[in-house]
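A look at the structure
Residues per chain are reported as follows:
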Amino acid sequence: MNIARILATPLACETIDRLRKINGPLMFHQSGGCCDGSQPMCFLNGEFKTGASDVKLGTINDCDFFMSRDQFQYWQHTQLTLDVIEGRGSSFSLEIPLGIRFIIRSRLFTEEELSHLAMVE
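The present account deals with the structure reproduced in this document. Everything numeric in this text was worked out from a predicted model, so none of it was measured.

Conventions used here
- Note on numbering: residues in each chain are counted from 1, in written sequence order.
- Totals for whole chains, interfaces and linings use every residue, but because this is a predicted model, local features are given only for residues with pLDDT of at least 70 and side-chain atom pairs only at 80 or more, for both listing and counting.
- Processing note: side-chain calculations cover all non-hydrogen atoms of the structure and skip hydrogens and water entirely.
- By this definition, two strands are paired if DSSP reports at least two bridges between them.
- Only runs of H or I of at least four residues qualify as helices and only runs of E of at least two qualify as strands under DSSP, and these elements are numbered from the N terminus.
- Orientation is described by axes fitted as lines to C-alpha atoms, over the contacting stretch for helices, and by angles from 0 to 180 degrees between their N-to-C directions.
- Criterion for a salt bridge: a side-chain nitrogen of Lys or Arg within 4 Å of a carboxyl oxygen of Asp or Glu.
- The classification of residues rests on relative accessible area computed with a 1.4 Å probe and restricted to protein chains. Under 20% of the type maximum is buried, over 50% is exposed, and intermediate values are partly exposed.
- Disulfide: a pair of cysteine sulfur atoms within 2.5 Å of each other.
- Only centres within 6.5 Å qualify two rings of Phe, Tyr or Trp (six-membered ring in Trp) as a pair; their planes then separate them into stacked at under 30 degrees, edge-to-face at over 60, and tilted for everything else.

Across the sheet, which stays open at both edges, the three strands sit in the order S1-S6-S7 with mixed pairing between neighbours. The strands lining the two open edges of the sheet, one partner per strand, are strand S1 (6–8) and strand S7 (100–108). Taken pair by pair, the neighbouring strands of this sheet meet at an average axis angle of 30°, ignoring direction. Here nine bridges tie strand S6 (residues 78–86) to S7, and the two strands are oriented antiparallel to one another.

Listed below in structure tokens is the structure:
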């Protein structure tokens, strides 16, 4: 039994579906750097170049979700849930023109869950 590191709310999944119809295949990256700090950002699949400094947390609604390895060190003990709120962020993420933005909600894993976590790639 693997416990997912990344989940998505129904509203986030609806938003992903809407963006996919407009743009095609998508991916997510959360850097913890500039442009809204740790806000998850949605890109065309492959538009953001990932590398050795990134880890893949999992897949949500057929979209790979990556995080910078440095940021992952802070979040590795939490389950992340992608959600959507009203309001315009100041990033390059694809949802911004819609007047909404993706956010991350988190909770700490239980001791039992920690022993069943899905591996990061």
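Read on, since the account is not over.
Let us look at the pattern of salt bridges. Evaluation of the coordinates by the stated rule reveals four salt bridges. The salt bridge involving Asp-64 is made with Lys-56; its shortest N-O contact spans 3.1 Å. Looking at Asp-64, the relative accessible area reads 25%, which means it is partly exposed.

To continue, consider the environment of Ser-53. By the element assignment, Ser-53 lies in the loop between strand S3 (41–44) and strand S4 (54–60). Each C-alpha atom, one on Ser-53 and one on Arg-69, is 5.4 Å from the other, the two residues being 16 residues apart in sequence.

On the basis of which strands lie adjacent, the open sheet formed by four strands has the order S3-S2-S5-S4 and mixed pairing. Only two strands of the sheet have a single partner each, and these edge strands are S3 and S4. Each strand of the sheet is rotated relative to its neighbour by a mean of 30°, with strand direction disregarded. Alignment of strand S2 (residues 26–30) against S3, held across four bridges, turns out to be antiparallel. Bridge assignment links Met-27 to a residue of S3, and that residue is Phe-43.

Quick look at the state of the cysteines now. All chains considered together, the criterion is met by zero disulfides. The cysteine Cys-42 is free of any disulfide, with Cys-63 supplying the nearest cysteine sulfur at 6.3 Å.

A full pass over the atoms with the stated rule returns three aromatic pairs. Here Phe-28 and Phe-65 contribute two aromatic rings whose centre-to-centre distance is 5.9 Å and whose plane-to-plane angle is 20°, an arrangement assigned as stacked. In this pair, Phe-28 sits in strand S2 while Phe-65 sits in strand S5 (residues 63–68), placing the two residues 37 residues apart along the sequence. Assigned by exposure class, Phe-28 and Phe-65 land together as buried. Here Phe-28 and Phe-102 contribute two aromatic rings whose centre-to-centre distance is 5.0 Å and whose plane-to-plane angle is 85°, an arrangement assigned as edge-to-face. Of the two residues, Phe-28 is situated in strand S2 and Phe-102 in strand S7; the sequence distance between them amounts to 74 residues. Residue classification places Phe-28 among the buried positions, given a relative accessible area of 0%. Three or more aromatic residues joined by ring pairs make a cluster, and in this case those are Phe-28, Phe-65 and Phe-102.

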